[in-house]
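# Structural description and commentary
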Amino acid sequence: MATKGNTKLNEGIPVMEDAFVVIVKTEWNSTIINALEKGVKKILKAAGTTCKTITVPGAFEIPFAVKNHYAYSTKMPDAYITLGTIIQGDTPHFDFVCKAVTDGVLQLNLTIDVPVIFGVLTVLNEAQAMERIGGVHGHKGEEAAITALKMIALNRSFK
């Protein structure tokens, strides 16, 4: 979803005034996460889409929150957007968490009937994360919201 790789991402953004998106974000790295969420909400608001935020302790817990919200919610969302930032440290913990979250979001996309957008940054340091919240690598929160809107439209076209 890198800005440089998808020059058409900002083209054809659908207006989804009747759509509802659930954002699942982490407490860890809150400065970065809050900037990602702000970008998501900016794009969703411009498209007329409503949203709700669920906060989980860390990225590892994101798939659990999505799965259970989907299973037990009385208001079904049209998409989920997952927001987290995993910064590499000195141990292999980074690799385990990245794989678990990636696999979890993949499994959700294969098992539930609404798209789950991967807005989790997996970076080597905080500077790389900052480059992805409005820096040289674009704004990954905004990109996640655009992706969600396009996937909602695609999902609706199947029904």
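As a reminder, the structure under discussion sits directly above these lines.
Cut-offs applied
- Residues numbered from 1 in each chain as written.
- Predicted model: local features only at pLDDT ≥ 70, side-chain atom pairs only at ≥ 80, totals over all residues.
- Heavy atoms only, no water.
- Axes fitted to C-alpha atoms, helices over the stretch in contact; angles between N-to-C directions.
- Helix = DSSP H or I, 4+ residues; strand = E, 2+ residues; numbered from the N terminus.
- Parallel < 35°, antiparallel > 145°, perpendicular 65-115°, else oblique.
- Left-handed = near helix turned anticlockwise from the far one by under 90°.
- Contact = heavy atoms within 4.5 Å.
- Nonpolar A, V, L, I, M, F, W, Y, C, P; charged D, E, K, R; others polar.
- Buried < 20%, exposed > 50% of the residue type's maximum accessible area, 1.4 Å probe, protein only.
- Pairing = 2+ DSSP bridges.
- Right-handed = clockwise from strand over helix to strand, strands pointing away.
- Phe/Tyr/Trp six-rings, centres within 6.5 Å; stacked < 30°, edge-to-face > 60°.
- Lys NZ or Arg CZ within 6 Å of the ring centre and 35° of its normal.
- 1 Å grid on protein atoms, 1.4 Å probe; cavity = no way out; pocket = protein on both sides within 12 Å on 5 of 7 lines; lining within 4 Å.
- Points joined across faces, edges and corners; volume = space filled by probe spheres on them.

Here the focus is the packing of helix H1 (residues 30-46) against helix H5 (residues 140-158). For the pair H1 and H5, interaxial distance at closest approach is 7 Å and the crossing angle is 40 degrees. With respect to H5, the element H1 is oriented oblique. Of the two possible hands of crossing, H1 and H5 adopt the one that is right-handed. For the pair H1 and H5, contact is made by Leu36, Gly39, Val40, Lys42, Ile43 and Leu44 and by Lys140, Gly141, Glu142, Ala145, Ile146 and Leu149, respectively. Taken together, the residues of the contact of H1 with H5 break down into 7 nonpolar, 2 polar and 3 charged.

Counting buried positions over the 7 residues of strand E1 (residues 20-26) gives 7, a clear majority of the element. Going residue by residue along E1, you find Phe20, Val22, Val24 and Thr26 tucked away on one face and Val21, Ile23 and Lys25 tucked away on the opposite face as well. Judged from the 7 bridges that link them, E1 and strand E2 (residues 50-56) form a sheet pairing that is parallel. Along E2, the bridge assignment pairs Thr26 with Val56. At this point the chain moves from E1, through H1, to the parallel E2, and the crossover so formed is right-handed. Sheet analysis places E1 next to strand E3 (residues 79-87), joined by 5 bridges and oriented parallel. What sits directly across from Val21, in E3, is Ala79.

Let us now look at the packing of aromatic side chains. Using the criterion set out here, one finds 0 aromatic pairs in the structure. The ring of Phe20 has Lys75 sitting right over it, with the charged end atom 4.3 Å from the ring centre.

A separate point is the layout of surface pockets. Empty space within the largest pocket amounts to approximately 340 Å³. Forming the boundary of the largest pocket are 18 residues, of which Trp28, Thr85, Ile86, His93 and Val97 lie nearest the centre. For the lining of the largest pocket, the secondary structure elements donating two or more residues are E3 and helix H3 (93-111). It is E3 that contributes the most residues to the lining of the largest pocket, 4 residues altogether. When its residues are assigned to classes, the lining of the largest pocket shows 7 nonpolar, 9 polar and 2 charged.

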